[in-house]
Amino acid sequence: SKGRDGVIPLPRAIPKKDMGIAFKVHAVAIYIVSFIIAVNWMAQQDRAVKTDVEEEPHLRNYALVAEGFPKSARSPHEVKAFFESILGFEVEGISIAYDHAEERTFVHDRLGRAIEKADTHLGVYPSELSGLESQLGDSQDGYVLDCLMCSGFAFVVFSREEDREFCMRRFVEIDRQVRQGLVGPTDAASDDENEETHSLLLKTGPGKGRTSRPNAGGPSRAVLFRGKFPVRVGHAPEPCGIQWENFAVQRGMKIIRVIVTLLGAMLLVLVVGAVMFAPAVLYEMSYGDIGKPTIEQFWVANIERGVVAASTAVGNRLLIAALKKASAVSGFLQRVNEDAVFFICAYSTCVVNSVIPLVIADVVAMTDRVTVSGTLSVSWLFQVLWMCMVVTELSGYFVPGWKYWSAYFWVRQSRFVSVREAEPALTSPEFPMATRYVDLMHCWTLVCAMVAVDATSVYTVCAQVLMLFYSVYVYFFDKYALLRINRQTYYTSPKLNSAVHYMCVVPLSFLFFCPLQHLHVETIPVANIAAFLGNTALVLIIARLCQKCNEPRRELSDIPYVEVASLMPYNYFNTNPVHVLRTLHFPSIVVPPLYPLVPGKEYLQGGQFADYDDSVRLRETLMLLAKTPLKGIDMGANPQDLS
């Protein structure tokens, strides 16, 4: 076997002269089987997405997101009247995305108080456990809410899917007219709109405007919001994935925070790998050259290997937590985009942190004309692999448990903690979908790297078996955790799956080295590079083809919006915290009051989500939460009616 540590006695079944061909067939077979499994997994996920989009009802089929409103467009009535005047029919409702970045604490506190008042009135818990007696006067709450500016976005909800498609076509035509009739910005806007940087003066006829162009007919001012603000519409995401707190009038380049954190994490990984972990690999090389090591040398080598592997695994968890925090504060408007960026950054950092000590040690060893052996590499990667599995599962058990019991004893030891303060601390977190993808993809990449280094090593075979059992364990445990441990998690976008599919190019590229090192052409080095790049491109193309071949095609449904909305606890109104508070402070017939959607409080939405049929009491409690009686849209006393 030419010095290879094979686990299967192939020479007994295959002549020794044919061992080279046997190794080539073995390497190619491993890659082809792994490639087919990966492609089949991608196709299955894409088919599941297609089935879900085509057969299951979704609220995004009834909504559009509109952009281009001035920051003074705070009234849903005004926006609703604008769309109805253009479309010629009534829309279901408007949910404006307000800029409340500086008032997050205020909004969160007022929502908590509203839910607390509802729970005490419904008898969920006695008033002695609430903090309502310490509540200050809320006479200024309405003023604060009315001063929150529009971020420029609003979600338009329609009663039928046909209305949504008509609105899309209508505004595409309006946008085309605006681009053709656009002349230039005005020097100053009228009355109190001097702060609006997006106000535009559009041609309304020949010879009007800043310049004159023959045969350049502009759009009517009736299709512009307030006669001067062009509005564009696009497809809306599912309401459960919208992060309302990240909408702002002036959104900075917060993605820079993720990039800076990623670069800092990579720099930290390189420094720690070069200073702390690479010397451990060099020590392993020296220890391997000892013919008969002593007992002390044996224990020192194994303890050092275990400490370094544990440090790498713990470092991966810390890096994942840091990148998760950086992604959360970066201001993504959709949670799935935040998770996709976090997955790419965390996965890349964990892979680099696991293999960089071997790379640095090999570079250092090359100065002495030696290299890191394949046996040492696979043994190192195997130690990191199983240690990462252990640390990941232990952290998954102990970190949530520590948070829960810390909150539990905090509640038990304090006499002044109200239910409103205690419930969020004791509520279980959502299922960490993106983090779980990072863990599994990282382990799979390490196994592929071990196969590429030495496919016949005992460590490699053990790693494959370990990965198989770990995958089975993760499947059943995560299924149980999703259904029984974590709180209900609403995740309807396939973007994270698509990001994972594209990142499969990394482990499959590592795995491609296994057949490439047996089939490489020594006389044409460019051919080897071309083969590697071709494999990379093939994986990316197949991932894209799987998505295109399973692209959903659905017909417009006749099911009304209210019927679909009754099947889900969330919608574009109760997930918008500022919209909920405004409906409670400024209730009207057009924008009636409603309960907010809070984890564990789905029963407030009534219908099938209530513990029992008590719609009358829910309506009575909702009217109790409203600060003023319902007003008609023609009554100027309602701040929401003011333009």
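Anything mentioned here points back to the structure above.
Residues numbered from 1 in each chain as written. Predicted model: local features only at pLDDT ≥ 70, side-chain atom pairs only at ≥ 80, totals over all residues. Heavy atoms only, no water.

**So, the overall build of the protein chain**
Move 1: Secondary structure summary: the protein chain contains 18 helices and six strands in total.
Move 2: Expressed as a percentage of its 643 residues, the buried residues of the protein chain come to 45%.
Move 3: Sequence separation of at least 24 residues holds for 80% of the intrachain contacts in the protein chain that already meet a minimum separation of 6.
Move 4: By element, 62% of the accessible surface of the protein chain is carried by carbon and sulfur atoms, the whole surface being about 33,300 Å². (Helix = DSSP H or I, 4+ residues; strand = E, 2+ residues; numbered from the N terminus. Buried < 20%, exposed > 50% of the residue type's maximum accessible area, 1.4 Å probe, protein only. Contact = heavy atoms within 4.5 Å. Areas by Shrake-Rupley, 256 points an atom, 1.4 Å probe, with all protein chains shown as cover.)

**Description of the environment of A274**
Move 1: By the secondary structure assignment, A274 is in helix α6 (residues 255–288).
Move 2: Under the relative-accessibility criterion, A274 is labelled partly exposed at 37%.
Move 3: A274 sits 83 residues away from P357 along the chain, and the two C-alpha atoms are 6.6 Å apart.
Move 4: Other than its neighbours up to four places away in sequence, A274 contacts P279 and I360.

**Things to note about the layout of surface pockets**
Move 1: One number sums up the size of the second largest pocket: a volume of about 1,900 Å³.
Move 2: Lining the second largest pocket are 47 residues, and of these W41, Q45, Y437, L440 and S471 lie nearest its centre.
Move 3: Mapped by element, the contributors of at least two residues to the lining of the second largest pocket are α1 (19–55), α11 (433–453), α12 (458–485) and α13 (495–503).
Move 4: Of the residues that constitute the lining of the second largest pocket, the class distribution is 32 nonpolar, eleven polar and four charged. (1 Å grid on protein atoms, 1.4 Å probe; cavity = no way out; pocket = protein on both sides within 12 Å on 5 of 7 lines; lining within 4 Å. Points joined across faces, edges and corners; volume = space filled by probe spheres on them. Nonpolar A, V, L, I, M, F, W, Y, C, P; charged D, E, K, R; others polar.)

**Focus: unusual backbone geometry**
Move 1: Here R226, not a glycine, exhibits a phi torsion of approximately 60°, which is positive.
Move 2: Tracing the backbone through its elements, the reader meets R226 in the loop between β5 (200–202) and β6 (232–235).
Move 3: For R226, a relative accessible area of 28% puts it in the partly exposed group.

**As for the side chain of N353**
Move 1: Summarising the element assignment, N353 is placed in helix α8 (residues 335–366).
Move 2: We classify N353 as buried; its relative accessible area is 5%.
Move 3: There is a polar contact of 3.4 Å between the side chain of N353 and the backbone oxygen of T312.
Move 4: Here the side chain of N353 touches N316 through a polar contact of 2.7 Å, side chain to side chain. (Polar contact = N/O pair within 3.5 Å; in protein donor to acceptor, adjacent residues only side chain to side chain.)

**Brief notes about the packing of α8 against α11**
Move 1: The geometry of α8 relative to α11 is characterised by a closest axis approach of 9 Å and an angle of 35° between their N-to-C directions. At the point where α8 passes α11, the crossing takes the right-handed sense. Across the interface between the two elements, D339, F342, F343, A346, Y347, C350, V351, S354 and V355 of α8 pack against A434, T435, Y437, V438, M441, H442, T445 and L446 of α11.
Move 2: Residues belonging to the contact of α8 with α11 are distributed by class as follows: twelve nonpolar, four polar and one charged. (Axes fitted to C-alpha atoms, helices over the stretch in contact; angles between N-to-C directions. Left-handed = near helix turned anticlockwise from the far one by under 90°.)

**What to know about empty space enclosed by the protein**
Move 1: The full count for this structure, using the stated rule, is two cavities of 30 Å³ or more.
Move 2: In this structure, the largest cavity occupies an estimated 60 Å³ of space.
Move 3: Along the walls of the largest cavity sit A313, N316, R317, I320, C350, C388, T392, V438, D439, H442 and C443, which together make up its complete lining.
Move 4: Counting only elements with at least two residues in the lining of the largest cavity, the list comes to α7 (295–328), α9 (374–413) and α11.
Move 5: In the lining of the largest cavity, the residues fall into six nonpolar, three polar and two charged.

**Regarding α11**
Move 1: Counted at 1.5 Å a residue, the expected span for α11 with its 21 residues is 30 Å, and the 31 Å between its end C-alpha atoms agrees.
Move 2: Across the 21 residues of α11, 17 count as buried, placing the element largely inside the fold. (Expected span 1.5 Å × (residues − 1).)

**Quick word on the sheet that holds strand β3 (residues 149–157)**
Move 1: Pairing is antiparallel in the open sheet, where four strands are placed in the order β2-β3-β1-β6. Two strands close off the open sheet at either side, each with one partner strand: β2 (93–99) and β6. Averaged over all neighbouring strand pairs, the angle between strand axes comes to 30°, with direction disregarded.
Move 2: Relative to β3, strand β1 (residues 63–67) is paired through five bridges, and the arrangement is antiparallel. The residue of β3 that forms the bridge with A66 is A154.
Move 3: Across the sheet, helix α2 (residues 76–87) lies against β1, β2, β3 and β6, angled at about 130° from β2, the strand it touches most. (Pairing = 2+ DSSP bridges.)

**Remarks on the pattern of salt bridges**
Move 1: The tally for this structure, following the rule as stated, stands at 27 salt bridges.
Move 2: In this structure, the salt-bridge partner of K80 is E84, at a minimum N-O distance of 2.5 Å. Within this pair, K80 and its partner E84 are both found in helix α2, separated by four residues, close to a single helical turn.
Move 3: Here D478 ties to R436 by a salt bridge, and the two come within 2.8 Å at their closest N and O atoms. Note that D478 is positioned in helix α12 and R436 in helix α11, a separation of 42 residues in sequence. Comparing D478 with R436, the two get one shared label, buried.
Move 4: Among the ionic contacts, a cluster of salt bridges with common partners joins D109, R110, R113, E116, D141 and R420. (Salt bridge = Lys/Arg side-chain N within 4 Å of Asp/Glu carboxyl O.)

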